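Below are the chains, spelled out letter by letter.
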Amino acid sequence: MSQPNEAPAAGGTRAADLFRRLLQTFSAVEYLELRPDGTIACVNDAFARHFGVPASQLEGRDVGALLVEPNAGLVKAWAAGAEPPAEPHLLNFVDARDQPYTLRCVAARDDGRLILIGESDAEGQRVTAERLLELNNEFATMTRELTRRTRELEQTRRELERAR
């Protein structure tokens, strides 16, 4: 990760450099810069946290190795010069435990680099949480039904024993 005291990128404006440094220090916003060849120029600690390494250890790595298809090819095409979407785009990464996670990213280009700024897909997480709650409720209902039927079966067995 570029440090807040690092020299600004060549050709950048003072305001753009300040904004870049601010984004690099955020912990709730994930930030990465890509070179045109698709390698990582820098990331912030929030992004690196998913991979369990310091931000500096991600520099120079191929971003495609951190993304699922078709996102890997898409992001590499953007880095190479293809026009990224103007609207936020969901990108699916794979973390250090090979678990997918989704970032809602906006893309911009500066000094020949592709900049991705993203936040965790809270809506997707909310949907997942709601689905887990539904499954938990279904499980509780099934457990109650199983308990009820077990009691009925036990009562029927006792009645059969008395009838003999």
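Scroll up for the structure.
Since this is a predicted model, take the numbers as computed values, not measurements.

Looking at the pairing of strand β4 (residues 100-110)
The side chains of a regular strand alternate, first on one face of the sheet and then on the other.
Point 1. As paired strands, strand β3 (residues 89-94) and β4 are joined by 6 bridges and run antiparallel to one another. Note that in β4 the partner of leucine 90 across the bridge is arginine 104.
Point 2. The turn joining β3 and β4, which pair antiparallel and follow one another in sequence, is formed by 5 residues; a positive phi near 60 degrees is taken by aspartate 98.
Point 3. Two elements, β4 and strand β5 (residues 113-120), share 8 bridges in a ladder whose sense is antiparallel. Within the sheet, the bridge partner assigned to aspartate 110 lies in β5 and is arginine 113.

What to know about the packing of aromatic side chains
Each pair of aromatic rings is reported with the distance of its centres and the angle of its planes.
Point 1. Here the structure, examined in full by the defined rule, presents 4 aromatic pairs.
Point 2. Here phenylalanine 47 and phenylalanine 93 contribute two aromatic rings whose centre-to-centre distance is 5.3 Å and whose plane-to-plane angle is 80 degrees, an arrangement assigned as edge-to-face. Here phenylalanine 93 lies in strand β3 and phenylalanine 47 lies in helix α2 (residues 45-48), a separation of 46 residues in the sequence.
Point 3. For phenylalanine 47, a relative accessible area of 0% puts it in the buried group.

Some thoughts on the side chain of aspartate 95
Point 1. By the element assignment, aspartate 95 lies in the loop between β3 and β4.
Point 2. Here the side chain of aspartate 95 touches glutamine 99 through a polar contact of 2.9 Å, landing on its backbone nitrogen.

Things to note about the nonpolar core
Point 1. If you look at the biggest cluster of nonpolar residues, it comprises 23 residues, and the most contacted ones within it are Leu34, Phe47 and Val75.
Point 2. Mapped by element, the contributors of at least two residues to this core are β1 (30-34), β2 (40-43), α2, α3 (71-80), β3, β4 and β5.
Point 3. With 4 residues, α3 is the largest single contributor of residues to this core.
Point 4. When residues no more than four places from it in sequence are discounted, the contact partners of leucine 34 are Thr39, Ile40, Ala41, Val63, Val75, Ala79, Arg113, Leu114 and Leu116.
Point 5. In this structure, Leu23, Val29, Cys42 and Ile115 belong to the second largest nonpolar core, which totals 6 residues.

A short note on α3
Point 1. Of all the positions in α3, only Asn71, Ala72, Val75, Trp78 and Ala79 are classed as buried. Buried residues in α3, looked at end-on, bunch into an arc of 130 degrees, giving them a common side.
Point 2. Summarising the contacts, the buried residues of α3 are in contact with β1, β3, β4 and β5.
Point 3. Of the residues one or two after α3, glycine 81 is the one with positive phi, at around 135 degrees.

Remarks on the sheet that holds β5
Point 1. Spatially, β2-β1-β5-β4-β3 is the arrangement adopted by the 5 strands of the open sheet, whose pairing is antiparallel. The strands lining the two open edges of the sheet, one partner per strand, are β2 and β3. Taking each pair of neighbouring strands and ignoring which way they run, the sheet shows an average axis angle of 35 degrees.
Point 2. Docked against the sheet, α3 engages β1, β3, β4 and β5, running at close to 115 degrees with respect to β3.

Concerning unusual backbone geometry
Point 1. The omega torsion across glutamate 69 and proline 70 is 5 degrees, close enough to zero to call that bond cis.
Point 2. Of note, proline 70 is situated in the loop between α2 and α3.
Point 3. The phi dihedral of aspartate 98 is positive, around 60 degrees, even though this residue is not glycine.
Point 4. Within the secondary structure, aspartate 98 sits in the loop between β3 and β4.
Point 5. Of the residues examined, aspartate 98 reaches a relative accessible area of 62% and is grouped as exposed.
Point 6. The phi angle at aspartate 111 is positive, at roughly 50 degrees, despite the residue not being glycine.
Point 7. Looking at where aspartate 111 falls in the secondary structure, it is placed in the loop between β4 and β5.

Conventions we followed
- Residues numbered from 1 in each chain as written.
- Predicted model: local features only at pLDDT ≥ 70, side-chain atom pairs only at ≥ 80, totals over all residues.
- Heavy atoms only, no water.
- Pairing = 2+ DSSP bridges.
- Helix = DSSP H or I, 4+ residues; strand = E, 2+ residues; numbered from the N terminus.
- Phe/Tyr/Trp six-rings, centres within 6.5 Å; stacked < 30°, edge-to-face > 60°.
- Buried < 20%, exposed > 50% of the residue type's maximum accessible area, 1.4 Å probe, protein only.
- Polar contact = N/O pair within 3.5 Å; in protein donor to acceptor, adjacent residues only side chain to side chain.
- Core = buried A, V, L, I, M, F, W, Y, C linked by side-chain atoms within 4.5 Å.
- Contact = heavy atoms within 4.5 Å.
- Arc of directions from axis to C-beta.
- Axes fitted to C-alpha atoms, helices over the stretch in contact; angles between N-to-C directions.

Honestly, it's all geometry; don't read function into it.
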